[in-house]
Amino acid sequence: MEQLLRSELRTATLWPFGSPGAGCISEGRAYHTDTGRVFVKVNRRAQARQMFEGEMASLEALGSTGLVRVPRPIKVIDIPGGGAAFVMEHLKMQGLSSQAAKLGAQVAELHLHNQKLGEKEQQEAHTVGHRTEAQPQHVTKFGFHTATCCGFIPQVNEWKDDWLTFFTRHRLQAQLDLIEKDYADREARELWSQLQVKIPDLFIGIEIVPSLLHGDLWSGNVAEDDLGPVIYDPASFYGHSEFELAIALMFGGFPRSFFTAYHSKIPKAPGFDKRLVLYQLFNYLNHWNHFGQEYRRPSLSAMRKLLK
């Protein structure tokens, strides 16, 4: 592996430091190289290249906004015999604590970024002699330019004009199709048949502008260093900003200061709390597909709650 990294990174120096890390999906190791410190994620699954290419595209999109800090992606490398490695900038990080409010404000600005681009385009379209040089493009649809993986499950990000179509088809239905394939769970099937016709009621009177999302913003994918907050391991797409907050409240959650700062910039819209349950349902289903039956109960419970 180290010989492969030396060749691909064109470095004579390759000294490992720190302890190897093993996450739920991939393994990681930090190295000194000729050009600085890098962090290398390794996954032996057949779809590892697709997974890492989606992560690289996500980091590039998030970093290009200049609103949130992410590790700089460097390269995806095929591993002989199967799998892939993803090389990125190494950052010396620690758990998010004192920087939580700052991160909340940054994530809100990230979610507002595309809307502001649209407003700017409209203003310049009505201004004589407006600038024509290359600028970030306003996105009018929901999706992403490539597939991404939330965990190791590939997600279809085919562009859709309508958020409900995108979310129900490419997120909820996709997860329930996998559950049907692996578990043939009758109760999940019956609850979903009742729920899917009621989902539009949760969005009455709500205008949704596509927001660039991290896509998997739970407490294990955020940190801080001496320069401020950092987010990583994204599964990005353009979606409803509220989707981002669902998993931020699950699996340990974030400090309250994160949400206070976030909602000072993006106040809760009517019906927020019930839509949050809908978005948490996606995360429970995704965990059921990744980690097994222990997530069946919270998945079904969320569906029952939404049907009340």
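Analysis parameters
- Along each chain, numbering runs from 1 in the same order as the chain's sequence is written.
- Only residues with pLDDT of at least 70 get local features here, since the model is predicted, and only at 80 or more are side-chain atom pairs given and counted; chain-wide, interface and lining totals rely on the full set of residues.
- Side-chain metrics rest on all non-hydrogen atoms present in the structure, leaving aside hydrogens and water.
- Each helix is a run of H or I in the DSSP string that is no shorter than four residues. Each strand is a run of E no shorter than two, and both are numbered from the N terminus.
- Helix span is expected to be 1.5 Å times the residue number reduced by one.
- Partly exposed describes any residue whose relative accessible area lies between the buried limit of under 20% and the exposed limit of over 50%, with all areas from a 1.4 Å probe on protein chains only and scaled to the type maximum.
- For the purposes of this description, domain bounds are those given by an automatic or database domain assignment.
- Whether two residues are in contact is decided by their heavy atoms: any pair within 4.5 Å suffices.
- Two parts lose some accessible area (1.4 Å probe) when they are put together, and adding that loss for both gives the buried area.
- For salt bridges, the criterion is a side-chain nitrogen of Lys or Arg within 4 Å of an Asp or Glu carboxyl oxygen.
- Here a polar contact is taken to be a pair of N or O atoms separated by no more than 3.5 Å, where protein atoms must pair a possible hydrogen donor with a possible acceptor and residues adjacent in sequence count only if both atoms sit in side chains.
- Buried residues of nine kinds, namely Ala, Val, Leu, Ile, Met, Phe, Trp, Tyr and Cys, make up a nonpolar core once their side-chain atoms join them within 4.5 Å.
- Only Phe, Tyr and Trp rings take part, Trp by its six-membered ring, and two of them pair if their centres are within 6.5 Å. Stacked means planes under 30 degrees apart, edge-to-face means over 60, and tilted covers everything else.
- Criterion for a charge above a ring: Arg CZ or Lys NZ at most 6 Å from the ring centre, at most 35 degrees from the ring normal.

*Asks:* Residues and numbers for helix α2 (residues 48-64), please.
*Replies:* In an α-helix, one turn spans 3.6 residues; hence positions three or four apart end up facing the same way. A rise of 1.5 Å per residue sets the reference length of α2, with its 17 residues, at 24 Å; its end C-alpha atoms lie 24 Å apart and thus fit the reference within 8%. When we look at burial in α2, the residues that qualify are A48, M51, F52, G54, E55, M56, A57, S58, L59, A61 and L62.

*Asks:* How would you explain the domain arrangement of the chain if you had to name every residue and give the values?
*Replies:* Taken as a whole, the chain is organised into domain 1 (1-90) and domain 2 (95-307). Centre-to-centre separation of domain 1 and domain 2, based on C-alpha positions: 25 Å. Domain 1 puts 20 residues into the contact, and the matching count from domain 2 is 29 residues. With both sides pooled, the region where domain 1 packs onto domain 2 buries about 2000 Å², and carbon together with sulfur makes up 70% of that total. Per-residue buried area on domain 1 facing domain 2 is highest for L62, L67 and R69; these three make up 31% of the total on that side. Across the domain 1-domain 2 interface, the total number found is 2 salt bridges. In this structure, the salt-bridge partner of R69 is D225, at a minimum N-O distance of 2.7 Å. Linking domain 1 with domain 2 are 5 residue pairs in polar contact (both at pLDDT 80 or more).

*Asks:* Can you break down the nonpolar core residue by residue, with the values?
*Replies:* Among the nonpolar cores identified, the biggest contains 76 residues, and W163, L172, F203, F258, L278 and M303 are the most heavily contacted of them. In terms of residues, this core owes the most to one element, helix α8 (residues 272-291), which gives 9 residues. The two domains that each donate at least three residues to this core are domain 1 (1-90) and domain 2 (95-307). Residues in contact with L278, not counting those within four places in the same chain, are F167, L172, I199, L202, F203 and L306. Counting residues in hydrophobic clusters, the runner-up holds 10 residues, among them V38, V40, A85 and V87.

*Asks:* I'd like a description of unusual backbone geometry, backed by residues and values.
*Replies:* Unlike most non-glycine residues, R10 shows phi in positive territory, near 50°. Here the phi dihedral of D233 falls at roughly 50°; this positive angle occurs in a residue that is not glycine. With respect to the helices, strands and loops of the structure, D233 is situated in the loop between β10 (228-231) and β11 (237-239). Take D233: its relative accessible area is 26%, and that puts it in the partly exposed class.

*Asks:* Requested: an account of the packing of aromatic side chains, with residues and values cited.
*Replies:* To describe a pair of aromatic rings, you give the distance between the ring centres and the angle between the ring planes. Taken as a whole and judged by the stated rule, the model has 21 aromatic pairs. Ring centres 5.6 Å apart and planes at 50° place the aromatic pair F142 and W163 in the tilted group. Of the two residues, F142 is situated in the loop between α3 (100-125) and β6 (148-150) and W163 in helix α4 (residues 163-183); the sequence distance between them amounts to 21 residues. Comparing F142 with W163, the two get one shared label, buried. Grouped by ring-pair contacts, the aromatic residues F142, W163, F166, F167, F203, F237, F243, Y279 and F282 constitute a single cluster. The ring of F152 carries R45 above its face, with NZ or CZ at 3.8 Å from the centroid. Seen from the ring of F237, R171 lies directly overhead, with NZ or CZ sitting 4.4 Å from the centre.

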